[in-house]
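The chain contents come next:
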Amino acid sequence: MRRTKRKLRAAVIAAASTVLLAGMVALAPGADAVTPDTATVRYDCGTLGETDAKLTAAQSGTDAWITVELLGITAPLSIQPLSLTEALVLNDTGTGNPVTFTGNPANPFIAVGDPLILGPLRGTVASGESLDTLAGTYNLTFVMYGITFHCRTLTAMYGGPFMF
């Protein structure tokens, strides 16, 4: 009888531990979760004009992706998928070091009149890294229809920085 109680007690403790561990894992933030996952920035893209941009970020380990949607710049002609070459540079808020995200080429199909979508642009991040735009710098570049466009950041990220 005593041996059966020990086995039962061990089984109950094991089951309770499993439930407790599962609950802690469910409540813990994901190791691969960038926060926030969206932010906005204002850019001056020269001849294309000024525009707000929506930046959407995702992460898996040290790999990170950012998609940039230039809300006020629309495609004058349709743009085929994987036809734009793009680069975005964000700065580590702790060290000031630049982190470059590239897409060579990377873009979805963009119909005439739709906002320009760049990416997803891929980069490498470190755990705990905080990335933001640096106002006044040319940190977004893309090639469309064979023409290179440089966009200057007018504001820091609204809703950011991205924490990886």
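Criteria and cut-off values
Residues numbered from 1 in each chain as written. Predicted model: local features only at pLDDT ≥ 70, side-chain atom pairs only at ≥ 80, totals over all residues. Heavy atoms only, no water. Helix = DSSP H or I, 4+ residues; strand = E, 2+ residues; numbered from the N terminus. Buried < 20%, exposed > 50% of the residue type's maximum accessible area, 1.4 Å probe, protein only. Contact = heavy atoms within 4.5 Å. Areas by Shrake-Rupley, 256 points an atom, 1.4 Å probe, with all protein chains shown as cover. Polar contact = N/O pair within 3.5 Å; in protein donor to acceptor, adjacent residues only side chain to side chain. Phe/Tyr/Trp six-rings, centres within 6.5 Å; stacked < 30°, edge-to-face > 60°. Disulfide = S-S within 2.5 Å.

Colleague: Please set out the overall build of the chain residue by residue, giving values where relevant.
Modeller: Within the chain, the regular secondary structure consists of one helix and 10 strands. Listing each helix as α and each strand as β along the chain from the N terminus yields α-β-β-β-β-β-β-β-β-β-β. Looking at the chain residue by residue over its 164 residues, the buried ones come to 31%. Intrachain contacts of the chain at a sequence separation of at least 6 include 62% that bridge at least 24 residues. Here the chain displays about 9,200 Å² of accessible surface, and carbon together with sulfur accounts for 61% of that area.

Colleague: Go over the side chain of Thr153 with me, naming the residues and quoting the values.
Modeller: Inspection of the secondary structure puts Thr153 in strand E9 (residues 147-153). On the accessibility criterion, Thr153 (0% relative accessible area) is buried. A polar contact is formed between the side chain of Thr153 and the side chain of Asn139, at a distance of 2.6 Å. Setting aside residues up to four positions removed in sequence, Thr153 forms contacts with Val41, Arg42, Tyr43, Thr133, Leu134, Ala135, Gly136, Thr137 and Asn139.

Colleague: Account for the side chain of Ser130, naming residues and giving values.
Modeller: Checked against the element boundaries, Ser130 lands in strand E7 (residues 130-132). Judged by its relative accessible area of 9%, Ser130 is buried. Non-local contacts of Ser130, meaning those with residues more than four positions away in its chain, are made with Asn91, Asp92, Thr93, Pro161, Phe162 and Met163.

Colleague: How would you summarise the packing of aromatic side chains if you had to cite specific residues and measurements?
Modeller: Taken as a whole, this structure holds two aromatic pairs when the rule is applied. Ring geometry for Phe142 versus Phe149: centroids 5.3 Å apart, planes at 25°, classification stacked. Both residues of the pair, Phe142 and Phe149, count as buried.

Colleague: Give a description of the environment of Leu118 that names residues and reports values.
Modeller: Relative to the assigned elements, Leu118 resides in strand E6 (residues 115-124). Placed 30 residues apart in sequence, Leu118 and Leu88 show a C-alpha to C-alpha distance of 9.5 Å. What Leu118 contacts, discounting residues up to four positions off in sequence, is Ile66, Thr67, Val68, Leu70, Leu84, Glu86, Ala106, Leu140 and Phe142.

Colleague: Tell me about the state of the cysteines, residues and numbers included.
Modeller: Applying the stated rule across the entire model yields one disulfide. Bridging Cys45 to Cys151, the disulfide has an S-S length of 2.1 Å. Taking the torsion about the sulfur-sulfur bond, which here is approximately 110°, the covalent link between Cys45 and Cys151 counts as right-handed. Placement of the pair is Cys45 in the loop between strand E1 (38-44) and strand E2 (50-60) and Cys151 in strand E9, with a sequence separation of 106 residues. We note that Cys45, like Cys151, is buried.

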